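This is what each chain is made of:
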Amino acid sequence: MFQLGKTIVSEEILENDFVCNLTACKGACCVDGEAGAPLEEGETEILVDIYEHVKPFLREEGIVAIEEQGAFVKGEDGEWETPLVNNSECAYVVYSEKGIAKCGLEEAYNQGATQWRKPVSCHLYPVRVKEYNELTAVNYHKWQICDPACTLGEELKIPIYKFVKEALVRKFGEEWYTELEMIAKEHLKQ
C-alpha cells in the first residue's frame, strides 16, 4: 500500500493486469453476487432524477423492481446500492442479443438520453473504493468470474490502473492519476 494524497492505494492495481472479456464472462459481475452496485450519496439523487429518461432502455423486470423498491435501496451493510431483480441481477441490467449483461444506465448515456454514465463503482470495477474518515482506500477486488479478464489483461499487458484510467480520473481527478502513473513507473522498475 502507498499513500497518494488522501488515498491509500494497493500495489495490486499496478501489478495485476485486467481487461474485461464480456465474450467469456457475459457480464456476470452485474448479475452475480448478493447485493446491488454500491452507490455514492449523490448518485442516489441522480438515479431518481434520470429514471424517466433511462426507463425506455430497461427490461420490464428491472422496471418492476425499481418501481417496487425504488431507484436505489439501502443494503444489508447500511450503504446505498442499486436494487436487484429477484435478489439476483442489478435492476438496471439489460441483455444484448448474445445474452451479455450490460448496463441500461450506460446505454441511455451512450444514446444521449442522459449525461450520467453509470455509478462510479461500476465504472471503476475491478477497483473498489472505501471511504474512511481521513482517507479513501483504493483496492483491487479479485473475483473468480473475472479470471478471463485477468487472462486477457495479461495477453494485452494492460495493468488494472490503465484499464480503469477514465474511471479513476472521474473519481479522483487528472492530477491524482498523473501522480499514480509516476508511482507505477517507479514501482514496476523495482
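Because the structure is a prediction, the values reported are computed rather than measured. (Residues numbered from 1 in each chain as written. Predicted model: local features only at pLDDT ≥ 70, side-chain atom pairs only at ≥ 80, totals over all residues. Heavy atoms only, no water.)

## Looking at the nonpolar core
In this structure, Val 9, Ile 13, Tyr 161, Leu 168 and Leu 180 are the most contacted members of the largest nonpolar core, which totals 24 residues. Elements with a minimum of two residues in this core: strand 1 (2-4), helix 1 (12-15), helix 6 (120-124), strand 8 (136-140), helix 7 (147-156), helix 8 (160-163), helix 9 (165-172) and helix 10 (174-189). If you tally residues by element for this core, the top one is helix 10, at 4 residues. In contact with Ile 13, not counting residues within four places along its chain, are Val 127, Val 138, Asn 139, Tyr 140, Pro 159, Ile 160, Tyr 161 and Leu 180. Counting residues in hydrophobic clusters, the runner-up holds 21 residues, among them Ile 66, Cys 90, Leu 105 and Trp 116. (Core = buried A, V, L, I, M, F, W, Y, C linked by side-chain atoms within 4.5 Å. Buried < 20%, exposed > 50% of the residue type's maximum accessible area, 1.4 Å probe, protein only. Helix = DSSP H or I, 4+ residues; strand = E, 2+ residues; numbered from the N terminus. Contact = heavy atoms within 4.5 Å.)

## So, the packing of aromatic side chains
Counted according to the given criterion, the structure contains 5 aromatic pairs. On the basis of an interplanar angle of 90 degrees and a centroid distance of 5.0 Å, the ring pair of Phe 72 and Trp 80 is categorised as edge-to-face. We classify Phe 72 as partly exposed; its relative accessible area is 23%. What makes Trp 80 partly exposed here is its relative accessible area of 24%. Here the guanidinium or amino end of Lys 130 rests over the ring plane of Tyr 132, the centre of that ring lying 6.0 Å away. (Phe/Tyr/Trp six-rings, centres within 6.5 Å; stacked < 30°, edge-to-face > 60°. Lys NZ or Arg CZ within 6 Å of the ring centre and 35° of its normal.)

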